[in-house]
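# Fold and geometry: a report
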Amino acid sequence: MTVADQLIPAVSDAAADAAGPDEAEEPIKQRKNGLYPGVSDELAESMKSGWADTELHDLQPIAQAAETAARRAALSARFPGERLVIPAGNLKTRSNDTEYAFRSSVEYAYLTGNQTEDGVLVLEPAADGHTATLYLLPRSNRENGEFWLSGQGELWVGRRHSLTEAEQLYGIPASDVRELPEKLKEATGPVRVVRGYDAGIEAALHDKVTAERDEELRVFLSEARLVKDEFEIGELQKAVDSTVRGFEDVVKVLDKAEATSERYIEGTFFLRARVEGNDVGYGSICASGPHACTLHWVRNDGPVRSGDLLLLDAGVETHTYYTADVTRTLPINGTYSEIQKKIYDAVYEAQEAGIAAVKPGAKYRDFHDAAQRVLTEKLVEWGLVEGPVERVLELGLQRRWTLHGTGHMLGMDVHDCAAARTETYVEGTLEPGMVLTVEPGLYFQTDDLTVPEEYRGIGVRIEDDTLVTEDGNRNLSAGLPRRSDEVEAWMASLKG
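These remarks concern the structure in this document. (Residues numbered from 1 in each chain as written. Predicted model: local features only at pLDDT ≥ 70, side-chain atom pairs only at ≥ 80, totals over all residues. Heavy atoms only, no water.)

## Here we look at helix 8 (residues 163–170)
Among all positions in helix 8, only Glu165, Ala166, Leu169 and Tyr170 are buried. For helix 8, the angular spread of the buried residues around the axis is 110°, confining them to a single face. Contacts from the buried residues of helix 8 go to helix 4 (65–78), helix 5 (106–112), strand 5 (129–136) and strand 6 (174–176). In the stretch just after helix 8, Gly171 is the one whose phi turns positive, near 70°. (Buried < 20%, exposed > 50% of the residue type's maximum accessible area, 1.4 Å probe, protein only. Helix = DSSP H or I, 4+ residues; strand = E, 2+ residues; numbered from the N terminus. Arc of directions from axis to C-beta. Contact = heavy atoms within 4.5 Å.)

Below, the structure is given as structure tokens:
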């Protein structure tokens, strides 16, 4: 931040007069310990004028405008005659007067393509379905000084689209969101809202909605994302392709990571995510050595040592919020030791079985069961657990070392469609257009006395993003080698 971050002064009398009675009652507040005590009438008048017209004309609709319209139509058909309210959410304070980077609710972005804070999509019931309105903050007010005095004014955080511009981009009529709470308070008839994102909107509807009905809306929007359209599949492939390049970046700088820590790996991958996408889709897991045995190791503050394995679980998120989720377990010095290769190859064999089970008409659980069977067979073969295999699987004894499920749906959330009903997700059937991860693993904790010492501290996971196709599946992340000898050759070529 600059020194100017200390200003945010109170509005002058002139600015308050121009703002109108409501805004004059709540002037833009001065920040405590700001360097300017106030705004002179002369400065307030000066800041109102002398600015060029920056309205953007002839804007083209966003790339997914046709898809978002189709999604809204499906939503309308599911809840005829009901008012539906889907908020984007608000900024969240990180500390004092700084906020976290904003990421709109998935439900809102999925239906609109818009990603700005405070936005709300409202579907009003009409004779032939619904009429959609996108409620947004308009351009910053120049008459009352908001554009330069408010901490969220455009001279501080950047220009917002005007409501007219928004209509062109998103194909939805736009209105001022500041007027929405009063409209919702006066609304009649059945209403549903997606909860958890905008407390002000929920307060305006508190006497009109029920938790049960709102949950039905949330579940529907989660299940709507189970099968991806062509735009979504394209975005997921973009995310994966960027992720592949991010993994290549990491391999090229492993020597620098050895000289510093896992943070170097995290920062290297993050650079690729920010250059080619919006962000990382989740906290990168850059787990070296025994940290690989901690499933969600995101502290990334440990040493990187030659001879150890690096479990890198990371994904780039595109500008439209679709994220990859890929894991490779790499030998830091470029070559797997005998025991590392033994464990890695077992996980690879399990993943091969899991991927082969991904096909239309298969039960969702089939890929998990196939991978778990292979891992269990290896554990019995190695003498780590007493067979037979069927007994181990029935009792779940293999979970001491396999720990987690073998995958999950993937999309705008890394664990996408999480609110879907169990019968349509975990107990459901795979269909073309579904995208899921296949990610078996074996983890031998450093303090696990039930396994030989040579196993302890080794964790291996291999994860790929898999699209269900009409005739089987397509590995979206096939650009990264998986077989142990191919991994070693790939690393050698990058380091060379």
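That covers the picture; the talk isn't over yet.
## Description of the packing of helix 15 (residues 338–356) against helix 16 (residues 366–381)
Packed helices, taken two at a time, are described by the angle between their axes plus the distance between the axes. Between helix 15 and helix 16, the least distance of the axes is 7 Å, while the angle of their chain directions is 155°. With respect to helix 16, the axis of helix 15 lies roughly antiparallel. Crossing of helix 15 against helix 16: the hand is right-handed. Between helix 15 and helix 16, the residues in contact are Ala346, Val347, Glu349, Ala350, Ala353 and Gly354 and Phe367, Ala370, Ala371, Val374, Leu375 and Lys378, respectively. Here the residues of the contact of helix 15 with helix 16 sort into 9 nonpolar, 1 polar and 2 charged. (Axes fitted to C-alpha atoms, helices over the stretch in contact; angles between N-to-C directions. Parallel < 35°, antiparallel > 145°, perpendicular 65-115°, else oblique. Left-handed = near helix turned anticlockwise from the far one by under 90°. Nonpolar A, V, L, I, M, F, W, Y, C, P; charged D, E, K, R; others polar.)

## A look at the sheet that holds strand 10 (residues 309–314)
Consider a sheet: its strands pair through backbone hydrogen bonds, and that pairing is either parallel or antiparallel. If you trace the 3 strands from one edge of the open sheet to the other, you get 9-10-12, paired in antiparallel fashion. The two strands at the open ends of the sheet, each matched to only one other strand, are strand 9 (285–288) and strand 12 (326–331). Here the strands of the sheet are splayed against their neighbours by 10° on average, with no regard to which way each runs. Pairing of strand 9 with strand 10, which is carried by 4 bridges, proceeds in the antiparallel orientation. Residue pairing in the sheet places Ser288 in a bridge with Leu310 of strand 10. Sitting on the sheet, helix 14 (residues 262–276) is in contact with strand 9 and strand 10, with an inclination near 150° to strand 9. (Pairing = 2+ DSSP bridges.)

## With respect to unusual backbone geometry
At the junction of Gly387 and Pro388, the peptide bond is cis and its omega measures out at 5° in the coordinates. For Pro388, the position within the fold is in the loop between helix 16 and helix 17 (389–395). A positive phi angle, close to 75°, is found at Asp118, a residue other than glycine. In this structure, Asp118 sits in the loop between helix 5 and strand 4 (120–126). For Asp118, a relative accessible area of 23% puts it in the partly exposed group. Although it is not a glycine, Asn300 sits at a positive phi angle of roughly 50°. Relative to the elements of secondary structure, Asn300 occurs in the loop between strand 9 and strand 10.

## Considering the sheet that holds strand 1 (residues 83–87)
As summarised here, the arrangement of the 5 strands in space is 6-5-4-1-7, forming an open sheet in which the pairing is mixed. Of all the strands in the sheet, the pair left with one neighbour each is strand 6 and strand 7 (191–193). Shown here is a sheet whose adjacent strand axes are inclined to one another by a mean of 25°, direction ignored. Sheet topology places strand 5 next to strand 6; 3 bridges connect them, and they run parallel. Looking at strand 6, one finds that Leu136 is bridged to Asp176. In the packing of helix 4 onto the sheet, contacts are made with strand 1, strand 4 and strand 5, and the angle to strand 4 comes to roughly 50°.

## Here's the deal with the packing of aromatic side chains
Evaluated as defined, the whole model comprises 8 aromatic pairs. Relative to Phe220, the ring of Phe79 has its centre 5.8 Å away and its plane inclined at 85°; by these criteria the two rings are edge-to-face. In this pair, Phe79 is assigned in the loop between helix 4 and strand 1 and Phe220 in helix 11 (residues 211–223), connecting sequence segments 141 residues apart. Grouping residues by exposure puts Phe79 and Phe220 together as buried. An angle of 75° between the planes, with centres 5.2 Å apart, marks the rings of Phe444 and Tyr455 as edge-to-face. (Phe/Tyr/Trp six-rings, centres within 6.5 Å; stacked < 30°, edge-to-face > 60°.)

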